[in-house]
Amino acid sequence: MQKHYTGLIERYRDRLPVSKSTRIISLCEGNTPLIQLQNIPRMIGKDVDIYVKFEGLNPTGSFKDRGMTMAVTKAVEAGSQAIICASTGNTSASAAAYAARAGIKAFVLIPEGKIALGKLAQTLMYNATIIQINGNFDQGMELVKEVANHAPVSIVNSINPFRLEGQKTAAFEIVDELGFAPDYHCLPVGNAGNISAYWKGYKEYATERVCSNRPVMCGYQAAGAAPFVAGHKIDNPETVATAIRIGNPQSWDFAIAAQQESGGWFDKFSDEKILAAQKMLSQFEGIFCEPASATSLAGALHDIASGKIPEGSKIVCTLTGNGIKDPEIAMQQCADAKPVTIEADLDAVKRAILDCL
Ligand SMILES: *Cc1c(COP(=O)(O)O)cnc(C)c1O
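Before going into details, it helps to say that this report is about the structure given with it. For clarity, every value in this text was computed on a predicted model and none was experimentally measured.

## Focus on the packing of helix α3 (residues 64–77) against helix α4 (residues 90–102)
Interhelical geometry of α3 versus α4 gives an angle of 45° and a closest axis separation of 9 Å. By the criterion of interaxial angle, the relationship of α3 to α4 is oblique. Our pair here, α3 against α4, has a crossing hand that is right-handed. Residues Lys 64, Asp 65, Met 68, Thr 69, Val 72 and Val 76 of α3 lie in contact with α4, whose contacting residues are Asn 90, Thr 91, Ser 94, Ala 95, Tyr 98 and Ala 102. Residues of the contact of α3 with α4, tallied by class, amount to six nonpolar, four polar and two charged.

Written out as structure tokens, the structure is:
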């Protein structure tokens, strides 16, 4: 069979833990667009370059696919017949898809009623076994760690080091495209795997002199789920941004190291601010990300306004997931913009258009 370009493992093979004989499980993930914002910088009247890394365009609609291609490739290489994860939604969708691709089984633990509709639909379609728990992500995570000691399943949460290996390639792509690392890199932080992975990627490229600089890492959380801002874990995290509704981040030490080594910071933003940023991106740039993803832009805009991120800066915000995953929030966001219904005739359509101009 002819061999085709597959995805990020092929592209960055020499920087990832695979060998010539490894069977790569890929859905052509990665290589996502880095889009420069045009209208929002003008609207805020600041001289800044803001780029968004739109990870919502990965095969299952989130950055989790970067880690999952590596984690499932390595699980299959080790002979696993089944994988398991706890998830706020996107990890389960991604694990289910890559398990389907590999021909193995996926078990996912999700918090009942707290995952976005699109993520649930995906996970069902990819035919994973879904176990809903009366509890939150953090409780699911503890259960998964426990059960993996008693059952023949590989954990594919970001405590699996291969996940971070795959995810670090997003930093490579940014440097390869810009020719340098940005001055600031802004991310939503939940379990903190992604901020840790980006920092690892930037450090590797800087060490190998692919680029000469490293960004300041800015980790932004939802106000009701902000353990890094509090400095300790949180018992009952709450936020509309369900992907970051996490109180006990598993990559705590890595994320603190990323913040300290880069001279960065953590901050938190209200659900209202997060949703406003999500709407703003859709309305003024044509980029529809999910609520959690917009936390990166909410934070960047706040820190640009205060001058903490100075004018002249080049900033990358990761948009972690696709807005289509969470149709219920999108409909709530647009409750005032009800579509008009009219008769199916030319005059009525003309009137409807002229009324709006
Ligand atoms: C998983 C996820 C996050 C959080 O990433 P961590 O690595 O857990 O910090 C943020 N946004 C979306 C859309 C996610 O799926």
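## Things to note about the packing of aromatic side chains
Here the structure, examined in full by the defined rule, presents seven aromatic pairs. Taken together, a centroid distance of 4.3 Å and an interplanar angle of 20° make the contact between Phe 172 and Tyr 205 stacked. With Phe 172 in helix α8 (residues 169–178) and Tyr 205 in helix α9 (residues 193–207), this pair connects stretches of sequence that are 33 residues apart. The pair Phe 172 / Tyr 205 is uniform in exposure class, with both members buried. Here Tyr 220 and Phe 269 contribute two aromatic rings whose centre-to-centre distance is 5.5 Å and whose plane-to-plane angle is 75°, an arrangement assigned as edge-to-face.

## Details of the pairing of strand β8 (residues 216–222)
Here β8 lies mainly inside the structure; seven of its seven residues are buried. Across the two faces of β8 the burial is the same, with Val 216, Cys 218, Tyr 220 and Ala 222 and Met 217, Gly 219 and Gln 221 all buried. Across five bridges, strand β7 (residues 184–188) lies against β8 in parallel orientation. For Cys 186, the partnering residue across the bridge sits in β8 and is Cys 218.

## A few points about the sheet that holds strand β3 (residues 82–86)
Pairing in this open sheet of four strands is parallel, and the strands run β5-β4-β3-β6 from one edge to the other. Each end of this open sheet is capped by a strand with a single partner; those strands are β5 (129–133) and β6 (154–155). Pairing analysis gives five bridges linking strand β4 (residues 105–111) to β5, with the strands arranged parallel. Counterpart to Ile 110 in the pairing with β5 is Gln 132. Where helix α6 (residues 137–147) meets the sheet, it contacts β3, β4, β5 and β6, and its direction lies at approximately 150° from that of β3.

## Examining a nonpolar patch on the surface
A cluster of nonpolar residues, Val 340, Ile 342, Val 349, Ile 353, Leu 354 and Leu 357, forms a patch on the protein surface that exposes about 640 Å² of accessible area. Looking at the element boundaries, Ile 353 is found in helix α15 (residues 346–356). Of the residues examined, Ile 353 reaches a relative accessible area of 48% and is grouped as partly exposed.

## Describing the side chain of Thr 91
Looking at where Thr 91 falls in the secondary structure, it is placed in helix α4. Thr 91 gets classed as buried once you look at its relative accessible area, which sits at 7%. Setting aside chain neighbours within four positions, we find Thr 91 in contact with Lys 64, Met 68, Cys 85, Ala 86, Val 156, Asn 157 and Arg 163.

## Quick notes on empty space enclosed by the protein
This model, assessed by the stated rule, comprises one cavity of 30 Å³ or more. One number sums up the size of the largest cavity: a volume of about 280 Å³. In this structure, the largest cavity is lined by 25 residues; those nearest its centre are Phe 63, Lys 64, Gly 190, Asn 191 and Ala 243. Secondary structure elements with two or more residues in the lining of the largest cavity: α4, α7 (161–167) and α9. A total of three residues in the lining of the largest cavity trace back to one element, the largest contributor, which is α9. Within the lining of the largest cavity, the residues separate by chemical class into 10 nonpolar, 12 polar and three charged. In terms of domain composition, the lining of the largest cavity takes at least three residues from each of domain 1 (8–61 + 163–333) and domain 2 (64–160).

## Things to note about the pattern of salt bridges
All chains considered together, the criterion is met by 18 salt bridges. Among the salt bridges present, the one from Asp 176 reaches Arg 11, with a minimum N-O distance of 3.9 Å. Taken as a pair, Asp 176 in helix α8 and Arg 11 in helix α1 (residues 8–11) lie far apart in primary sequence, 165 residues in all. The salt bridge partner of Glu 173 is Arg 66, with a shortest N-O separation of 2.9 Å. Of this pair, Glu 173 sits in helix α8 while Arg 66 sits in helix α3; the two residues are 107 residues apart in sequence, bridging distant segments of the chain.

## Considering the layout of surface pockets
By volume, the second largest pocket amounts to about 230 Å³. Leu 164, Ser 196, Lys 200, Ser 251 and Phe 254 are, among the 16 residues lining the second largest pocket, the residues nearest its centre. Counting residues per element, the ones that place at least two in the lining of the second largest pocket are α7, α9 and α11 (252–262). A total of five residues in the lining of the second largest pocket trace back to one element, the largest contributor, which is α11. The residue makeup of the lining of the second largest pocket, split by class, is seven nonpolar, four polar and five charged.

Criteria and cut-off values
Every chain is numbered independently, its residues counted from 1 as its sequence is written. Local features are withheld for residues below a pLDDT of 70 in this predicted model, meaning they are given only at 70 or higher, and side-chain atom pairs are given and counted only at 80 or more; totals for whole chains, interfaces and linings count all residues. Derived side-chain values reflect all non-hydrogen atoms in the structure, with water molecules and hydrogen atoms excluded from consideration. Orientation is described by lines fitted to C-alpha atoms, with helices fitted over the stretch in contact, and by angles between N-to-C directions that extend from 0 to 180 degrees. Secondary structure elements are defined from DSSP: runs of H or I of at least 4 residues count as helices, runs of E of at least 2 residues count as strands, and each element is numbered from the N terminus. Throughout this description, any angle smaller than 35 degrees is read as roughly parallel, any larger than 145 degrees as roughly antiparallel, any in the 65 to 115 degree range as roughly perpendicular, and the remainder as oblique. Definitions for this section: a left-handed crossing has its near helix turned counterclockwise from the far helix by less than a right angle. A right-handed crossing has that turn clockwise. The contact criterion used is simple: two residues touch if any of their non-hydrogen atoms lie within 4.5 Å. Note on residue categories: nonpolar means Ala, Val, Leu, Ile, Met, Phe, Trp, Tyr, Cys or Pro, charged means Asp, Glu, Lys or Arg, and polar means any other residue, Gly included. Each Phe, Tyr or Trp ring (for Trp, its six-membered ring) is paired with any other whose centre lies within 6.5 Å, and the angle between the two planes then decides the class: stacked below 30 degrees, edge-to-face above 60, tilted in between. Categorising residues by exposure relies on relative accessible area from a 1.4 Å probe, with only protein chains included: less than 20% of the type maximum marks a residue as buried, more than 50% marks it as exposed, and the intermediate range marks it as partly exposed. Pairing between strands is defined by DSSP: at least two bridges between the two strands are required. Here a patch means residues that are over 30% exposed by relative accessible area and free of salt bridges, tied together within 9 Å if like-charged and within 5 Å if nonpolar (Val, Leu, Ile, Met, Phe, Trp, Tyr). Computed with the Shrake-Rupley method and a 1.4 Å probe, the accessible areas treat only the protein chains shown as cover for residues. Whenever Lys or Arg places a side-chain nitrogen within 4 Å of a carboxyl oxygen from Asp or Glu, that contact is recorded as a salt bridge. A cavity here means a set of 1 Å grid points, computed over protein atoms only, where a 1.4 Å probe fits but cannot escape. A pocket is an open set with protein on both sides within 12 Å along at least 5 of 7 lines, and lining residues have an atom within 4 Å of a point. Grid points are joined across faces, edges and corners, and a volume is the space filled by probe spheres set on the points. An automatic or database domain assignment provides the domain bounds reported here.

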